[in-house]
Amino acid sequence: MHLLVTGAAGFIGSHTVLELLNSGYTVLCIDNFANAISVTDEHGNAISLKRVAVITGKEVPFKNVDVCDEKALEKIFAENKFDGVIHLAALKAVGESVAKPLQYYSNNLVASLNLIQMCLKYNVKNFVFSSSATVYGPPSELPITEKSQTGQGITNPYGQTKYMMEQILIDVGKANPDWNVVLLRYFNPVGAHKSGLIGEDPKGVPNNLMPYVSQVAIGKLPVLTIYGDKFDTIDGTGVRDYIHVVDLAKGHVKAFDRIKVGKMKEKLKNTVGNVGTEIYNLGTGVGYSVRQMVDALKKVSGRDIPVKIGVPRPGDVASVYCDPSLAHEKLGWRAENGLEEMCADLWNWQTKNPQGFSA
Ligand code: WQD
């Protein structure tokens, strides 16, 4: 199958492209470098994807295209025969989305609507969407299943755009019964490819926990602020479901494998009763606290990681972790890497690329 991958040069994108190529898929990668974690070389090529080509020994066709640019996007569809799309491109900084809501609604929704329009026009009927555990809002139950309540209490525009896109894709799937739509709800991706050639390279000061902890360990940042230690959890710090980015990437391959073998023709009513659209949690089902994550990175790095206690972030909840059994049952997928591998591979990336891709 030949797939269009949007947001391909980013952290999730580059790892997903690698696993697709290793599984025999061919891809066309597009990215507009909005998240700027994917630095370019002197020819404007994404360094992350050039490294994917080195690791896989395969071609990684890339075009610097903004999914919001209808003309450029149409050209891509007119020049290629895609069997499907993996849509990862989105602005994704939770805090930034609160400060710049219009930029997030405009970019994340308009881009996605352009893409869906092009798929309809060019008969591309298989659509895998990068969604997020954020759509659950404060968990109504733990572990979170795909039937758990969504759309309530989402405290940021980023999460709202993911929820809205899910609703749009479910409705498009209903209106086009020959479409196959898969929504993948990511929990907390961490780690890096074992080669240490690709990994997470956040723009500026990291928003997410583990890139921040890793930069404290290597001495780029002085101290980790733990946002609250009075939560109702094992040690008072926030608990999340961290998943190795390679496991997450493999979940996308499994989603297309399921589409490819026509399994979705069963048109089974899925978890939320939407014919034609399938929804999966991609997590490990195991929650770890902030302190447990810090200790795990200390263990693999041998470095000290100074911490101080700060106030909880608005909207932060005590615990978030999922039940990933539906993805195992339907996709034949489950996370294979545990905490130690996540931290070892993160540290390997960090030490080999102290300045990320821009070294
Ligand atoms: C994890 C834990 C913090 C930073 C977010 C998005 C979600 C998804 C993953 C895109 C929490 C604590 C963090 C720090 C800390 N992204 N923490 N000090 O908030 O679970 O989810 O990223 O899809 O949509 O909401 O991840 O890494 O920000 O926080 O104590 O400097 O670490 O309080 O308990 P989160 P996170």
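Since we're looking at a predicted model, the values are computed, not measured.

Draft legend 1. Seen up close, the site of the ligand. Taken together, 18 residues form the shell around the ligand, and within it Thr134, Tyr158, Leu209, Arg240 and Asp316 come nearest. Separating an oxygen atom of the ligand from a side-chain N or O atom of Asn208 is a distance of 2.8 Å. Contacts to the ligand include Leu209, whose backbone N or O atom sits 2.7 Å from an oxygen atom. For the ligand, whose free accessible area comes to 680 Å², the fraction covered by protein is 90%.

Draft legend 2. Molecular detail of the nonpolar core. Ranked by internal contacts, the top residues of the largest apolar core, which has 44 residues, are Val17 and Leu49. Per-element accounting of this core gives the leading share, seven residues, to helix α8 (residues 245-260). Setting aside anything within four residues of it in sequence, one finds Val17 in contact with Val5, Ala8, Val27, Cys29, Leu49, Val52 and Val60. Counting 27 residues, the second largest nonpolar core, distinct from the first, contains Leu4, Leu109, Val124 and Trp179.

Draft legend 3. Representation of the pattern of salt bridges in the model. Overall, the coordinates contain 11 salt bridges when judged by the stated rule. Between Glu166 and Arg185 there is a salt bridge, with the nearest N and O atoms lying 2.6 Å from each other. Of this pair, Glu166 sits in helix α6 (residues 157-175) while Arg185 sits in strand β6 (residues 180-186); the two residues are 19 residues apart in sequence, bridging distant segments of the chain. With a relative accessible area of 1%, Glu166 lands in the buried category. Residue classification places Arg185 among the buried positions, given a relative accessible area of 2%. Taken together, the shared-partner salt bridges connect Arg240, Arg313 and Asp316 into one network.

Draft legend 4. Structural view of the side chain of Thr233. Along the polypeptide, Thr233 turns up in the loop between β8 (224-227) and β9 (239-240). At 2.9 Å, the side chain of Thr233 and the backbone nitrogen of Gly236 are in polar contact. Residue contacts for Thr233: discarding those within four places in its chain leaves Val239, Ala318 and Ser319.

Draft legend 5. Highlighting the packing of helix α1 (residues 11-22) against helix α2 (residues 47-56). Two elements in contact, α1 and α2, have axes separated by 10 Å at closest approach and are oriented at 30°. Relative to α2, the element α1 lies roughly parallel. Seen along the crossing, α1 lies across α2 with a hand that is right-handed. Packed against α1, whose contacting residues are Ser14, Val17, Leu18, Leu21 and Asn22, the element α2 presents Ser48, Leu49, Val52, Ile55 and Thr56 at the interface.

Draft legend 6. How the structure looks around helix α5 (residues 101-121). Here α5 contains 21 residues, and its C-alpha end-to-end distance of 30 Å stays within 8% of the 30 Å for a straight helix at 1.5 Å per residue. For α5, the set of buried residues is Tyr104, Asn107, Asn108, Leu109, Ala111, Ser112, Asn114, Leu115, Ile116, Met118 and Cys119. Buried residues along α5 sit in contact with β1 (2-6), α3 (70-79), β4 (84-87), α4 (94-99), β5 (126-132) and α6.

Draft legend 7. Structural view of the pairing of β4. The alternating pattern of β4 places Gly84 and Ile86 on one face and Val85 and His87 on the opposite face, and all of these are buried. When β1 meets β4, the two strands line up parallel, connected through four bridges. When the bridges of β4 are listed, Val5 appears paired with Ile86. With three bridges connecting them, β4 and β5 associate as parallel partners.

Draft legend 8. Spotlight on the environment of Met118. Position of Met118 relative to the elements: it lies in helix α5. A residue is classified by how much of its surface remains accessible, and Met118, at 6% relative accessible area, is buried. Not counting residues up to four positions away in its chain, the partners in contact with Met118 are Glu70, Leu73, Glu74 and Phe77.

Draft legend 9. Quick peek at the state of the cysteines. Taken as a whole and judged by the stated rule, the model has zero disulfides. Free of any disulfide, Cys68 has its nearest cysteine sulfur in Cys119, 15 Å distant. Under the relative-accessibility criterion, Cys68 is labelled partly exposed at 25%. Sulfur of Cys343: no disulfide; nearest cysteine sulfur belongs to Cys322 and is 18 Å away.

Analysis parameters
The residue numbering used here restarts from 1 in each chain and proceeds along that chain's sequence as written. Local features in a predicted model are, by the rule used here, given only for residues with pLDDT of at least 70; side-chain atom pairs are given and counted only at 80 or more, and totals for whole chains, interfaces and linings are based on all residues. With hydrogens and water excluded, all non-hydrogen atoms of the structure serve as input to the side-chain values. Nearness is defined per residue: one heavy atom within 4 Å of the molecule or strand is enough. Polar contacts, as counted here, are pairs of nitrogen or oxygen atoms within 3.5 Å of one another; within protein the pair requires one atom able to donate a hydrogen and one able to accept it, and residues that are adjacent in sequence qualify only if both atoms are side-chain atoms. Values of accessible area rely on a 1.4 Å probe in the Shrake-Rupley scheme; residue burial ignores everything except the protein chains shown. The term nonpolar core refers to a set of buried residues drawn from Ala, Val, Leu, Ile, Met, Phe, Trp, Tyr and Cys, joined through side-chain atoms within 4.5 Å. Here's how the labels work: a residue is buried when its accessible area is under 20% of the maximum for its type, exposed when over 50%, partly exposed in between, all with a 1.4 Å probe on protein chains only. Where helices and strands are cited, they refer to DSSP runs of H or I of at least four residues and of E of at least two residues respectively, numbered from the N terminus. Residue contacts are counted whenever heavy atoms from the two residues lie within 4.5 Å of one another. For this document, the term salt bridge refers to a Lys or Arg side-chain nitrogen within 4 Å of an Asp or Glu carboxyl oxygen. The convention used is that axes are lines fitted to C-alpha atoms, helices contributing only their stretch in contact, and that angles between N-to-C directions extend from 0 to 180 degrees. Note on angle classes: values under 35 degrees are labelled roughly parallel, values over 145 roughly antiparallel, values of 65 to 115 roughly perpendicular, and the remainder oblique. By convention the crossing between two helices is left-handed if the near helix lies anticlockwise of the far one by an angle smaller than a right angle, and right-handed if it lies clockwise. Multiply 1.5 Å by the residue count of a helix minus one, and that product is the helix's expected span. Only when DSSP finds a minimum of two bridges between them are two strands counted as paired. Whenever a pair of cysteine sulfur atoms sits within 2.5 Å, that pair is classed as a disulfide.

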